[in-house]
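# Structural features, examined
For reference, the chains in residue letters:
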Amino acid sequence: MTYWDKDTIRLAQSLNDKLKIDHLKWHKDKGNKYKRSAELISAGLCQLIISCNEKETIDYMEESIKWLKEIKVDQPCPSKNHLFEAN
């Protein structure tokens, strides 16, 4: 059951698609706290709007806060000759 119209649902999905870290950029961006946090917030928003799933929404939001507070960190993966810098 959802409380939102189709346009709102599509907008949330579109935002989530834009904020997801692309698998081709994962190794470079996985340590970027802003990108990881935005991705998690967007996923939480989708859980709330599309699924009305309070537990998952809270879990995503709490995880995002950990990234912003730098409680959660992930280092970029090394390439063949150098490390990517997390921005």
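Predicted, not measured: the structure shown is a model, and the values here were computed from it.

## Looking at the pattern of salt bridges
- Under the criterion given, the structure shown has five salt bridges.
- Salt-bridge contacts for Lys20 lead to Asp17; the nearest nitrogen and oxygen are separated by 3.4 Å.
- The salt bridge involving Glu70 is made with Lys33; its shortest N-O contact spans 2.9 Å. Taken together, the residues span a long stretch of sequence, with Glu70 in the segment after α4 (54-68) and Lys33 in helix α3 (residues 33-51) at a distance of 37 residues.
- Judged by its relative accessible area of 18%, Lys33 falls in the buried class.

## Quick word on helix α1 (residues 6-19)
- The terminal C-alpha atoms of α1 lie 20 Å apart, and with 14 residues this matches the ideal 20 Å at 1.5 Å per residue to within 8%.
- Every buried residue of α1 is listed here: Ile9, Ala12 and Asn16. Buried residues along α1 cover an arc of 65° about the axis, so they all sit on one side. Across α1 from its buried face, at more than 90 degrees, point the exposed residues Lys6, Asp7, Leu11 and Lys18.

## Let's talk about a nonpolar patch on the surface
- On the surface, Leu15, Leu19, Leu45 and Leu48 cluster together into a nonpolar patch covering about 280 Å² of accessible area.
- Broken down by secondary-structure element, the contributors of at least two residues to the nonpolar patch are α1 and α3.
- Position of Leu45 among the secondary structure elements: in helix α3.

## With respect to the environment of Ser51
- Its location among the elements puts Ser51 in helix α3.
- The class of Ser51 is partly exposed, set by a relative accessible area of 43%.
- Considering only alpha carbons, one finds Ser51 and Met1, 50 residues apart in sequence, at a separation of 7.0 Å.

About the thresholds
For every chain, the first residue of the written sequence is number 1, and numbering continues from 1 along that sequence. Since the coordinates come from a predicted model, pLDDT governs what is reported: local features require at least 70, and pairs of side-chain atoms require 80 or more to be given and counted, while whole-chain, interface and lining totals use all residues. No hydrogens and no water enter the side-chain calculation; it runs on all heavy atoms of the structure. Whenever Lys or Arg places a side-chain nitrogen within 4 Å of a carboxyl oxygen from Asp or Glu, that contact is recorded as a salt bridge. Helix numbers and strand numbers start at the N terminus; a helix is a DSSP run of H or I with at least 4 residues, a strand a run of E with at least 2. Here's how the labels work: a residue is buried when its accessible area is under 20% of the maximum for its type, exposed when over 50%, partly exposed in between, all with a 1.4 Å probe on protein chains only. Multiply 1.5 Å by the residue count of a helix minus one, and that product is the helix's expected span. Think of the arc as the fan of directions from the helix axis to the C-beta atoms. Each patch is built from residues lacking any salt bridge and having more than 30% relative accessible area; the joining distance is 9 Å for like charges and 5 Å for nonpolar side chains (Val, Leu, Ile, Met, Phe, Trp, Tyr). Shrake-Rupley sampling with a 1.4 Å probe provides the accessible areas, and residues are treated as covered by the protein chains on show and by no other component.

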